[in-house]
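Inside the fold
Each chain is listed here by its residues.
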Amino acid sequence: MRAVVLPEFGPPDRLRVADVPTPRPAAGEVAVRVAAVGVQFLETQVRAGTMRGALGGAPLPVILGKEVAGLVAEVGPGGDTALIGARVLASTTGLGGYAETAVVPAATLVPLADGIGLPEAVALYRYGVTAQGLVRVARVSAGDRVLVLAAAGAVGTVLVQLLKRAGATVVAAARGEHKLSLLGRLRADHVVDYTLPDWTARARDAVGGSIDVVFDHVGGALGRASFELLTPGSGRQIVFGFSSGTPLEVGPMELAGRGLTLTGFSAGLIWGRPALARTLVNEVLELAAAGHLTPVIGQSFPLERAADAHAAIEARGTVGKTLLIP
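Residues numbered from 1 in each chain as written. Predicted model: local features only at pLDDT ≥ 70, side-chain atom pairs only at ≥ 80, totals over all residues. Heavy atoms only, no water.

The name that an unreviewed UniProt entry assigns to the protein chain is Zinc-binding dehydrogenase, with the source organism given as Nonomuraea rhodomycinica.

Here is the structure:
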C-alpha cells in the first residue's frame, strides 16, 4: 500500500510517499481502508522535530496520522466480522494514519450514519469534541458576549457555530479577508482582523462594551490583549493552547484585582474519558447530520502532497480542517 513516511526530522519535504506492507490488525484491532485522514498542527511539530516526545519513543521512520475515516476492511483475531464494510471514524494510537490502510484499536470506532460524508466526519471529529468541551467548560449562556481567537481554524469554525446555537453574541477574530468572510458565512455576529492595531477597540465597539468570555488558543500578545477586554467581576478566559509559541502571562493578583477567571483546558483530558469523548463526538455528528452544524474542510491534499499540507498549516494560511485523501 501507499503511505507517507517520515524518515528523518526536518522541513515538510522530509515527508515521502512510499510503498510499504499493508498492516494487519492484531486482537482488539481493526484495519480501516482510509477515505480521509486529518492533519493536525501537532503533527507538523513532530515532523519538524520540536515535539519528538509525541512519538512515544517510536523510532524513525514513522507514518504520522491519528484521526481517520473509512471502511472497516479487516478485524483482528476474535473480532466482530459484522464490522467489515462499516463506515467509521477512528483514532490510531498516534501513528499510521497517513496511509491507504490504517490499523486502529477497535474500541475507538465510531459508527457513521449515512447522513454525513467521511471527509466531513473527520473535519468534526477530534476538534469538534474540543469545541463542544470548551462550550461546556466556559458555561456559555444566551446573551454572553464571546470572543474567539483564531476563529477560522479547525476548532474555531466549529466553536463559532456551537456558540451561536447557545445564544451567544460572537466576535470572531482572525487574519485576512478570506478568513473573515468564511466566519461571516458561519453566522458570527462580528468579525475582526487581529492584525489591525485597533482590533481590540473594534471588538469593544462591536459588542458595545466588554467581553464576557474569551476562547484563547493563541496566547502571547493577542491572548494578553484579549484578557484586557474581559468584563470586571465576571469575565473568564479559557486557554486551550498557544499557537503563537508564547503562553498567556497573567498574574494571580490581576485575576483577584479584576475579579476574573482564567481556566486551562486540555482536550486530552476528554479523550482520557472514552465515554465522555464518544458522547461529545456523537453530539456534533448528529448536529451536522441534521444540518445544524457545517463541517469546514478548508483544504484537501492527496497523499503525494502531504508536504504541501504541512507547509500550508505552518504558514497559517489554512482555514477549517486540513485533510489528506489517499
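On we go.
Another aspect to go through is the overall build of the protein chain. When helices and strands are tallied, the protein chain shows ten helices and 15 strands. Here the protein chain has a C-alpha radius of gyration of 20 Å; the compact-globule value for 326 residues is 20 Å, and the two agree. Taken over the C-alpha atoms alone, the protein chain extends approximately 60 × 40 × 35 Å along its principal axes. Here the protein chain holds 326 residues, and 49% of them are scored as buried. Roughly 13,500 Å² of accessible area belongs to the protein chain as shown, and the carbon and sulfur atoms make up 55% of that amount. Between the centroid of the 29 positive side chains of the protein chain and the centroid of its 27 negative side chains there is a distance of 2 Å. (Helix = DSSP H or I, 4+ residues; strand = E, 2+ residues; numbered from the N terminus. Rg over C-alpha atoms; globule rule 2.2 N^0.38 Å. Buried < 20%, exposed > 50% of the residue type's maximum accessible area, 1.4 Å probe, protein only. Areas by Shrake-Rupley, 256 points an atom, 1.4 Å probe, with all protein chains shown as cover. Lys, Arg positive; Asp, Glu negative; His and termini not counted. Charge placed at Lys NZ, Arg CZ, Asp CG, Glu CD.)

Take helix α9 (residues 274–289) next. With 16 residues, α9 should cover 22 Å at 1.5 Å per step; its first-to-last C-alpha distance of 22 Å lies within 8% of that length. Following α9 by one or two positions, Gly291 adopts a phi angle in the positive range, close to 85°. (Expected span 1.5 Å × (residues − 1).)

Before going further, it helps to examine the side chain of Thr322. Here Thr322 shows up in strand β15 (residues 321–325). Of note is the side chain of Thr322, whose polar atom sits 2.9 Å from the side chain of Gln299. Sequence-distant contacts of Thr322, defined by excluding residues within four places in its chain, comprise Val37, Gly38, Val39, Gln299, Phe301, Ala309 and Ile313. (Polar contact = N/O pair within 3.5 Å; in protein donor to acceptor, adjacent residues only side chain to side chain. Contact = heavy atoms within 4.5 Å.)

Another aspect to go through is the side chain of Gln132. Its location among the elements puts Gln132 in helix α2 (residues 118–138). Among residues more than four places away in sequence, those in contact with Gln132 are Leu162, Leu280, Glu283 and Val284.

Another aspect to go through is the UniProt feature "domain: Enoyl reductase (ER)" (unreviewed entry) in the protein chain. The residues that UniProt annotates with the feature "domain: Enoyl reductase (ER)" (unreviewed entry) are residues 10–324. Overall, residues 10–324 shows 33% helix and 23% strand. The separation of its end C-alpha atoms is 20 Å. (UniProt positions renumbered as here; feature names shortened; annotations may be inferred.)

Domains assigned within the protein chain are domain 1 (2–116 + 295–324) and domain 2 (127–268). Each of domain 1 and domain 2 has a C-alpha centre, and these two points are 30 Å apart. Taken together, the nine residues of domain 1 in the interface contact eleven residues of domain 2. Here domain 1 packs against domain 2, burying approximately 810 Å² in sum over the two surfaces, 53% of which is carbon and sulfur. Its largest share of buried area at the contact with domain 2, domain 1 owes to Val296, Arg316 and Val319, together 55% of the area lost on that side. Our enumeration of links across domain 1 and domain 2 arrives at zero salt bridges. (Domains from an automatic or database assignment. Buried area = accessible area lost by both parts, 1.4 Å probe. Salt bridge = Lys/Arg side-chain N within 4 Å of Asp/Glu carboxyl O.)

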